[in-house]
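Single-letter residue listing:
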Amino acid sequence: MSKFWSKIVNELDPYVPGEQPQDQQYIKLNTNESPYPPSPAVARALADFNCDDLRRYPDPESRRLVGALAGYHGLTPAQVFVGNGSDEVLAHAFQALLQKTAPILFPDISYSFYPVYCGLYRIEFETVALDQSFRIDVNDYHPGNGGIIIPNPNAPTGIALDLENIEELLNRSRQSVVIIDEAYVDFGAESATRLIAEYDNLLVVQTFSKSRNLAGLRLGVAFGNPALIEALQRVKNSFNSYPIDSLASACAIVSLNDEDYFRQCRQQIIANRERLSESLATLGFEVFPSSSNFVFVRHADRAAQSIYLDLKNAGILVRYFDKSRINNCLRITVGSDSECDQLLTALQKILA
Ligand SMILES: *Cc1c(COP(=O)(O)O)cnc(C)c1O
């Protein structure tokens, strides 16, 4: 607290991201980054980048990147928005589309940034409880809300919702915006982008951080009806004209064009996830069915917090949430084969 702080700063309760130790000595399975490098085309684009271009501001509308994304997803450029990470895209969406008189709705167990944006933009919210098996029941999302946001697959549970249910949600709330946060969609869920033509209240948000191995690039995207995209642009152009730097734009475009590499990495993560899930089950963990690049687990007789601390001592970081309903669970990012092996070996010792 300081006498110089504005009223709202005093009231903020900022998001706390997973630890990013700078000494690089941990096996990092705590922030759902990819264990694999970005596409080799990204390294080439960086090597070939004309440094003199950094003298100039980038294109404020990122037209080349927007065009590439539109082509990739079968949309028009007017249906595409890009931002500095999907966290920024989400922040703009909260301000542009969810700041309404009625409270917005999101699951009680979900991405913990959502209540933070509500605090920042003074948006009222109600959380909707997941069922006993941590699933979303779309019938619990009552109409007359100020908007809805759900991650699909959900985080940190990893559980996906099928498109029929998403469509039901869109139909039940046609008067408000429904945001589907698809940060993990490429690892096993179906994207709602193909519903955009039919539903003017749908905004789909994706990121290059997870399935494109580019968390450090900071690139997030949104797809939706042109009116929703224009709302995001109005906020963006009142906040920062150039959220996408020239390097990020060049790297994102070549990454998008390397479909083979993208699929190969995704397949490998899915294969590792299935193997990891089976092995964790044999160690006595309940493993929730994951459609993402992490697994959410609970041990039958050991407290999650003590496993988290023991793993940290063994040089392995996983994510522990000190939050009711999930304070006995751990979220573990699916690493490379060898990282999974090291995790399993450490767990065997810890649980022995
Ligand atoms: C990782 C994540 C994001 C943020 O991704 P960035 O594009 O890196 O900002 C958004 N939503 C969910 C659910 C996430 O897990």
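Residues numbered from 1 in each chain as written. Predicted model: local features only at pLDDT ≥ 70, side-chain atom pairs only at ≥ 80, totals over all residues. Heavy atoms only, no water.

Undergrad: Looking at this model, I keep getting lost on the site of the ligand. Mind explaining?
TA: Taken together, the residues surrounding the ligand are Gly 85, Ser 86, Asp 87, Leu 90, Tyr 111, Asp 181, Ala 183, Tyr 184, Thr 207, Ser 209, Lys 210 and Arg 218. Contact with the protein chains removes 92% of the 390 Å² of surface that the ligand exposes when unbound. Of all the elements, helix 4 (residues 86–97) adds the most residues to the shell around the ligand, at three residues. Looking at side-chain class alone, the shell around the ligand contains four nonpolar, four polar and four charged residues. (Near = heavy atom within 4 Å. Areas by Shrake-Rupley, 256 points an atom, 1.4 Å probe, with all protein chains shown as cover. Helix = DSSP H or I, 4+ residues; strand = E, 2+ residues; numbered from the N terminus. Nonpolar A, V, L, I, M, F, W, Y, C, P; charged D, E, K, R; others polar.)

Undergrad: Teacher, can you tell me more about the nonpolar core here?
TA: For soluble globular proteins, the rule of thumb is that nonpolar side chains tend to be buried together. By size, the foremost hydrophobic cluster in this structure holds 49 residues, and its most contacted members are Leu 69, Phe 134, Ile 150, Ile 166 and Leu 202. Contributing elements (two or more residues each) for this core: helix 3 (63–73), strand 2 (80–83), strand 5 (148–151), helix 6 (163–172), strand 6 (178–181), strand 7 (202–207), strand 8 (220–224) and helix 8 (246–257). No other element matches helix 8, which puts five residues into this core. The residue makeup of this core includes at least three contributed by each of domain 1 (7–37 + 260–351) and domain 2 (40–258). (Core = buried A, V, L, I, M, F, W, Y, C linked by side-chain atoms within 4.5 Å. Buried < 20%, exposed > 50% of the residue type's maximum accessible area, 1.4 Å probe, protein only. Domains from an automatic or database assignment.)

Undergrad: Got a minute to help me understand the environment of Ser 133 in this structure?
TA: Along the chain, Ser 133 falls in the loop between strand 4 (125–128) and strand 5. Here Ser 133 falls in the partly exposed class, since its relative accessible area comes to 37%. Taking the C-alpha atoms as reference points, Ser 133 and Phe 288, separated by 155 residues in sequence, lie 8.3 Å from one another. In contact with Ser 133, not counting residues within four places along its chain, are Ile 159 and Phe 288. (Contact = heavy atoms within 4.5 Å.)

Undergrad: Looking at this structure, I do not really get the packing of helix 9 (residues 259–282) against helix 11 (residues 337–351). What am I missing?
TA: Relative placement of two packed helices is described by the angle separating their axes and the distance separating the axes. Close contact between helix 9 and helix 11 brings their axes to 10 Å; oriented N to C, the two are set at 10 degrees. If you check the angle between helix 9 and helix 11, you find them roughly parallel. In this structure, the crossing between helix 9 and helix 11 has a hand that is right-handed. Contacts between helix 9 and helix 11 involve Gln 268, Asn 272, Arg 275, Leu 276, Ser 279 and Leu 280 on the former and, on the latter, Asp 337, Cys 340, Asp 341, Leu 343, Leu 344 and Leu 347. (Axes fitted to C-alpha atoms, helices over the stretch in contact; angles between N-to-C directions. Parallel < 35°, antiparallel > 145°, perpendicular 65-115°, else oblique. Left-handed = near helix turned anticlockwise from the far one by under 90°.)

Undergrad: So what exactly am I meant to see when it comes to the pairing of strand 5 here?
TA: Along a regular strand, successive side chains alternate from one face of the sheet to the other. The alternating pattern of strand 5 places Ile 148 and Ile 150 and Ile 149 and Pro 151 on opposite faces, both of which are buried. The pairing of strand 5 with strand 6 spans four bridges and is parallel. Directly across from Pro 151, in strand 6, lies its bridge partner Asp 181. (Pairing = 2+ DSSP bridges.)

Undergrad: Would you explain the domain arrangement of the protein chain in this entry?
TA: Frequently, the measure chosen for interface size is the accessible area that the parts lose on association. Partitioning the protein chain into structural domains gives domain 1 (7–37 + 260–351) and domain 2 (40–258). Using only C-alpha atoms to locate each centre, domain 1 and domain 2 end up separated by 24 Å. Contact with domain 1, which involves 36 residues of that partner, is made by 37 residues of domain 2. Summed over both partners, the interface of domain 1 with domain 2 comes to about 2,900 Å²; 60% of that surface belongs to carbon and sulfur atoms. When residues of domain 1 are sorted by the area they lose upon contact with domain 2, Tyr 15, Phe 262 and Arg 325 head the list and together hold 27% of the total. Our count for the domain 1 to domain 2 interface comes out at two salt bridges. One salt bridge in this structure joins Arg 122 and Glu 11, with 3.2 Å as the shortest N-O distance. Only helix 1 (7–11), helix 9, strand 10 (294–299) and strand 13 (329–333) provide two or more residues apiece to the side of domain 1 that touches domain 2. Examining the composition of the side of domain 1 that touches domain 2, we find that eight residues originate from one element, helix 9, more than from any other. Of the residues belonging to the side of domain 1 that touches domain 2, the class tally is 18 nonpolar, seven polar and 11 charged. (Buried area = accessible area lost by both parts, 1.4 Å probe. Salt bridge = Lys/Arg side-chain N within 4 Å of Asp/Glu carboxyl O.)

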